[in-house]
Amino acid sequence: MAVLSHPLSGHRRLVLLLATAGGIVLVLAAVVTLAVTLTFSSFATSVRPAGIFLPTEEDGLIVSDTALSVDDDSHPALARLDPAFLDALRAAQAAAEADGIRFDITSGWRSVDLQRQLLADAVHTYGSEEVARQYVATPDASSHVTGQAVDIGTLDAQLWIIEHGRAWGLCQTYANERWHFERATEPGDECPEPKLDARG
Ligand SMILES: [Zn+2]
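Fair warning: this is a prediction, and the values are worked out from it, not measured in the lab.

Enquirer: Whenever I open this one, the overall build of the protein confuses me. Can you help?
Expert: Within the protein, the secondary structure is distributed over 6 helices and 4 strands. Traced from its N-terminal end to its C-terminal end, the protein shows the element sequence α-α-α-β-α-α-β-α-β-β. Of all 200 residues assigned to the protein, the portion counted as buried reaches 27%. Sequence-distant contacts, at least 24 apart, represent 56% of the contacts inside the protein between residues at least 6 apart.

Here it is, written out as structure tokens:
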């Protein structure tokens, strides 16, 4: 009995081994298919047909690795800010400099087209307009479009403005956007409680 059962269980092991190998091949094939599908679908969304809006500096676009300083006012993102707001930012920057802090401006004034594009990108990223609207306002509601908001790139500068900015009327206005600042109070007064998110 023991002699007979041995080759049988050996045969069973072989069948099991082949089945396992077959399973691995199927899984690999599925992974490759998925990877190819994802590559092509992201390729399809990154290539825009002619005539689709591509934002430029004229729309206030700041290329992601070239944050502006408060003095780079040849760039439309700064030049088209509300002048009193820009003055407040410059005065705050002058005071922050004494603490070794530089305001890296990653976004300022934006055209309606750029704002619309950012919202569309956010809808794509978050999968629904409802979630996207928590982070990106519509063009008619955005304080970037009216030149009354900036986004600041580095954590030390964000925290500095949150602590000291009210001396120039500068406040964080959305609880979920630590980087977004507006002139929201009289210089020296307390900042209002930030709104929950960009839905207002
Ligand atoms: Zn912002």
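That covers the picture; the talk isn't over yet.
Enquirer: Hey, could you run me through the sheet that holds strand S3 (residues 170-172) in this one?
Expert: Strand-to-strand pairing in sheets goes through backbone hydrogen bonds, with the strands running parallel or antiparallel. With respect to topology, 4 strands assemble into an open sheet ordered S1-S2-S4-S3, the strand pairing being antiparallel. Here the strands that pair on one side only, and so sit at the sheet edges, are strand S1 (105-107) and S3. The sheet shows a mean angle of 45° between the axes of neighbouring strands, taken without regard to direction. Helix-sheet contacts for helix H6 (residues 155-164) involve strand S2 (149-152), S3 and strand S4 (180-183), and the interaxial angle to S2 is about 135°.

Enquirer: Teacher, can you tell me more about the pairing of S2 here?
Expert: Each regular strand displays side chains that alternate between the two surfaces of the sheet. Here S1 pairs with S2 via 2 bridges, running antiparallel. What sits directly across from Ile-105, in S2, is Ile-152. Across 3 bridges, S2 lies against S4 in antiparallel orientation. Of the residues in S4, the one forming a bridge with Asp-151 is His-180.

Enquirer: Mind showing me how you'd approach helix H3 (residues 83-97) here?
Expert: One full turn of an α-helix is made of 3.6 residues, so residues set three or four places apart face in the same direction. The first and last C-alpha atoms of H3 sit 21 Å apart over 15 residues, in line with the 21 Å expected at 1.5 Å per residue. Three or more residues of H3 are buried, namely Phe-85, Leu-86, Ala-88, Leu-89, Ala-92 and Gln-93. Seen from one end, H3 has its buried residues packed into an arc of 155°, which puts them on one side. Those residues of H3 that are exposed and aimed more than 90 degrees away from the buried face are Pro-83, Ala-84 and Ala-94. Taken together, the buried residues of H3 touch helix H2 (76-79), S2, H6, S3 and S4.

Enquirer: Would you mind showing me how to read helix H4 (residues 112-126) here?
Expert: Taking 1.5 Å of rise per residue, the 15 residues of H4 would be expected to cover 21 Å, and the 21 Å separating its terminal C-alpha atoms lies within 8% of that figure. Listed in full, the buried residues belonging to H4 are Leu-114, Gln-115, Gln-117, Leu-118 and Leu-119.

Enquirer: What exactly am I supposed to notice about the environment of Cys-191 here?
Expert: Looking at where Cys-191 falls in the secondary structure, it is placed in the segment after S4. With near-sequence residues (within four places) excluded, Cys-191 lies in contact with Arg-166, Cys-171, Ala-184 and Thr-185.

Enquirer: Even after reading the chapter, I still don't get the environment of Thr-173, so can you show me in this structure?
Expert: Structurally, Thr-173 can be placed in the loop between S3 and S4. Along the backbone, Thr-173 and Ala-198 are 25 residues apart, and their C-alpha atoms lie at a distance of 8.9 Å. Setting aside its immediate chain neighbours within four residues, Thr-173 contacts His-180, Glu-182, Ala-184, Pro-194 and Lys-195.

Enquirer: What am I meant to see in the environment of Asp-151 here?
Expert: Mapped onto the elements, Asp-151 comes out in strand S2. Asp-151 gets classed as partly exposed once you count the C-beta atoms within 10 Å, which come to 19. Separated by 48 residues in the primary sequence, Asp-151 and Phe-103 have C-alpha atoms spaced 9.4 Å apart. Discounting residues that sit within four places of it in the chain, Asp-151 has contacts with Thr-106, Ser-107, Trp-179 and His-180.

Enquirer: Is there a simple way to explain the pairing of S4 in this structure?
Expert: Burial along S4 is two-sided: His-180 and Glu-182 and Phe-181 and Arg-183, pointing in opposite directions, are all buried. The sheet contact formed by S3 and S4 spans 3 bridges and is antiparallel. Bridge pairing links Leu-170 to Arg-183 in S4.

Enquirer: Sorry if this is basic, but what is going on with the nonpolar core here?
Expert: Across soluble globular proteins, nonpolar side chains show a tendency to be buried alongside one another. The biggest cluster of nonpolar side chains holds 25 residues, and the ones touching the most others in it are Leu-89, Ile-105, Ile-152, Ile-161, Leu-170 and Phe-181. Those elements giving two or more residues to this core turn out to be H2, H3, S2, H6 and S3. Sort the elements by how many residues they give to this core and H3 lands first, with 5 residues. Excluding residues within four positions of it along the chain, Phe-181 makes contact with Ala-149, Val-150, Ile-152, Ile-161, Gly-165, Leu-170, Cys-171 and Gln-172. Judged by nonpolar contacts, the second largest core, of 7 residues, contains Leu-114, Leu-119, Val-136 and Ala-137.

Calculation criteria
Residues numbered from 1 in each chain as written. Predicted model: local features only at pLDDT ≥ 70, side-chain atom pairs only at ≥ 80, totals over all residues. Helix = DSSP H or I, 4+ residues; strand = E, 2+ residues; numbered from the N terminus. Buried ≥ 20, exposed ≤ 12 C-beta atoms within 10 Å, placed from the backbone. Contact = placed C-beta atoms within 7 Å. Pairing = 2+ DSSP bridges. Axes fitted to C-alpha atoms, helices over the stretch in contact; angles between N-to-C directions. Expected span 1.5 Å × (residues − 1). Arc of directions from axis to C-beta. Core = buried A, V, L, I, M, F, W, Y, C linked by C-beta atoms within 7 Å.

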